[in-house]
Amino acid sequence: MSGDPYLIISSDCHAGLPTEEYRPYLERRFHRAFDDFLAQRTARREEMTRLGVRNETFAARWFEEHEEGLRGGWDAAQRIKELDGDGVAAEVVFPDADAVDSRTAAPFGVGLGLSGDHDPELGMAGARAHNRWLAEFCSAHPERHCGVALLPVTAPVGRVVEEIGRAKESGLGALMIPAMWGEGKPYHDRSYDPVWAAAAAAGMPVLTHSGATPRHEYGDHLGIFVTEVTWWPARPLWFLLWSGVFERHPHLRFGIAESGCWWLPNLLWFMDRLYFGAHGGKKLSPFAGLTRPPHEYLDRNVFVCATNTKRRELAQRYEIGVGNILWGSDFPHPEGTWPDTRAWLRTTFHDIPVAETRRMLGLSAAEAFGFDARALAPLAARIGPTPDDLGQPADQRAVEASWARSRETGRHWLTGEDFPRTGVNDA
């Protein structure tokens, strides 16, 4: 029914132990290296402050005002309390609960800073330690958490495939790969095919997440960092698409997290123009290995975890595809919607049609990450906000009129296809 509470699934949340507490989950032979890593924490924090990335005044205030709730980053009982308060029935759990002070960084910096330049041994050891803990953490309420395993994909391929199987067996449901491969092989390289095949066979979406950047290039110019930080996680998309990875692995699901989706409509328009041989691309040879235009791979293989989705992005939802936008709260990071998610949702979705809101706030995430929407329904009925709570029109005719007005802007630029395109699972 149109007035029922929403099933809300956050496609981007974070959890992680206080860093020193990872020791029991780390293989003993890496303990000495772990001690060295811990000893360098103060220097890393001072460097972040020097570069202007860390605002000391804001950090102190954030921790003071939200001390109890922030324990939900690693305390399962506190986490459920915070999710319920936000009306969030389920979540996708990325690493690094604390993005302000790196107090919960995964061992050897392989959380949101996961990069192809990590030492293969230490990188895999840190990832396995976090994955072991995360599986244990999610097991308390498995119906509400989809844990994202860290996967240093530039390590030897046999070990990478082995970790996919181990993570799946432990109950984790998705895989985070480095947004940057550094000196490793780019993601168009066929050597990764066993990894993509294993992920597809396991039904585990592969994701990138904002965080890693070539900070050594930026100096103390924070504006350069914030301009590029969401570009790097998006970059693997065109490497996978144009190299035929989605063609060879049609069941592989790929997601881009906490990078917004404002950049996608024009990118998709540009890639489709090239594929169809528009004037600017006539001198190029046909794109071998692709049997369909880029927007069709997007609808079939790709989704965007558009954290704290913005009004401008919702205005572009028919070009992106309503079913390709997955909302996220970013709990417990300060740039997200927690602890005021209900107010954020009202501000953002107040005039969006109810059926579209249901898909972006939860139904698409349930499909992409394998949540049991029926099992979550009673919980959603208890904690979820209703369309009235979001200030959406009670008269369904008004909702449909809003939808019709939006659709007046929209047919696909070349194919003439009506918007909205249906969703991430369409063939």
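Not measured: the values here are computed from a predicted model.

**A look at the pattern of salt bridges**
Tallied over the full model, the rule gives 17 salt bridges. With a closest N to O distance of 2.4 Å, Arg-23 and Asp-35 form a salt bridge. Taken as a pair, Arg-23 in the loop between β1 (9-14) and α1 (31-39) and Asp-35 in helix α1 lie far apart in primary sequence, 12 residues in all. When salt bridges with common partners are traced through the structure, they connect Glu-27, Arg-29, Glu-121, Arg-128, Arg-132, Arg-159, Glu-163 and Arg-166 into a single cluster.

**Section: the pairing of strand β7 (residues 302-307)**
With 6 of 6 residues buried, β7 lies mostly within the body of the structure. A two-sided burial pattern is seen for β7, the buried positions comprising Val-302, Val-304 and Ala-306 on one face and Phe-303, Cys-305 and Thr-307 on the other. Across 4 bridges, β7 lies against strand β8 (residues 325-328) in parallel orientation. By the bridge assignment for β8, Ala-306 is matched with Trp-327.

**Points about the packing of aromatic side chains**
In the structure shown here, the tally under the stated rule is 19 aromatic pairs. Here Tyr-275 and Phe-276 contribute two aromatic rings whose centre-to-centre distance is 5.3 Å and whose plane-to-plane angle is 90 degrees, an arrangement assigned as edge-to-face. Among the residues examined, Phe-276 registers a relative accessible area of 37% and is labelled partly exposed. Here the aromatic rings of Phe-303 and Phe-369 are separated by 5.3 Å at their centres, their planes lie at 75 degrees, and the arrangement is edge-to-face. Here Phe-303 is found in strand β7, whereas its partner Phe-369 is found in helix α17 (residues 354-369), with 66 residues between them in sequence.

**Describing the sheet that holds strand β6 (residues 254-257)**
Strands sit in the order β1-β2-β3-β4-β5-β6-β7-β8 across an open sheet of 8 strands; the sheet is parallel. Looking along the sheet, the strands with just one partner apiece sit at the ends: β1 and β8. Direction aside, neighbouring strands of the sheet carry axes that sit 25 degrees apart on average. The pairing of strand β5 (residues 206-209) with β6 spans 4 bridges and is classified as parallel. When the sheet's bridge partners are listed, Val-206 is paired in β6 with Phe-254. Of the strands in this sheet, β6 and β7 touch helix α13 (residues 294-301), which is tilted by about 70 degrees from β7.

**A look at α17**
In this model α17 runs 22 Å from its N-terminal to its C-terminal C-alpha over 16 residues, within 8% of the 22 Å that 1.5 Å per residue would give. Within α17, the axis deviates most sharply at Met-360, by approximately 50 degrees. Burial runs high along α17: 12 of the 16 residues are buried. The complete set of buried residues in α17 reads Val-354, Glu-356, Thr-357, Arg-358, Met-360, Leu-361, Gly-362, Ser-364, Ala-365, Ala-366, Ala-368 and Phe-369.

**A word on the confidence of the model for the protein**
On average, residues of the protein score 89 in pLDDT, and 87% of them are at 70 or above. Predicted confidence is poor over residues 406-427, with pLDDT under 50, and the contacts of this stretch with residues over four places away or in other chains come to 59 contacts.

**Considerations on the side chain of Arg-144**
Relative to the assigned elements, Arg-144 resides in the loop between α6 (120-138) and β3 (145-150). The buried category is assigned to Arg-144, whose relative accessible area is 4%. Engagement of the side chain of Arg-144 in a polar contact is seen with the side chain of Asp-84, the distance being 2.8 Å. Not counting residues up to four positions away in its chain, the partners in contact with Arg-144 are Ile-80, Leu-83, Asp-84, Val-88, Ala-89, Ala-90, Glu-91, Phe-371, Leu-376, Leu-379 and Ile-383.

About the criteria used
- Residues numbered from 1 in each chain as written.
- Predicted model: local features only at pLDDT ≥ 70, side-chain atom pairs only at ≥ 80, totals over all residues.
- Heavy atoms only, no water.
- Salt bridge = Lys/Arg side-chain N within 4 Å of Asp/Glu carboxyl O.
- Helix = DSSP H or I, 4+ residues; strand = E, 2+ residues; numbered from the N terminus.
- Buried < 20%, exposed > 50% of the residue type's maximum accessible area, 1.4 Å probe, protein only.
- Pairing = 2+ DSSP bridges.
- Phe/Tyr/Trp six-rings, centres within 6.5 Å; stacked < 30°, edge-to-face > 60°.
- Axes fitted to C-alpha atoms, helices over the stretch in contact; angles between N-to-C directions.
- Contact = heavy atoms within 4.5 Å.
- Expected span 1.5 Å × (residues − 1).
- Bend = angle between axes of the 7 residues up to and from the residue.
- pLDDT = per-residue confidence, 0-100.
- Polar contact = N/O pair within 3.5 Å; in protein donor to acceptor, adjacent residues only side chain to side chain.

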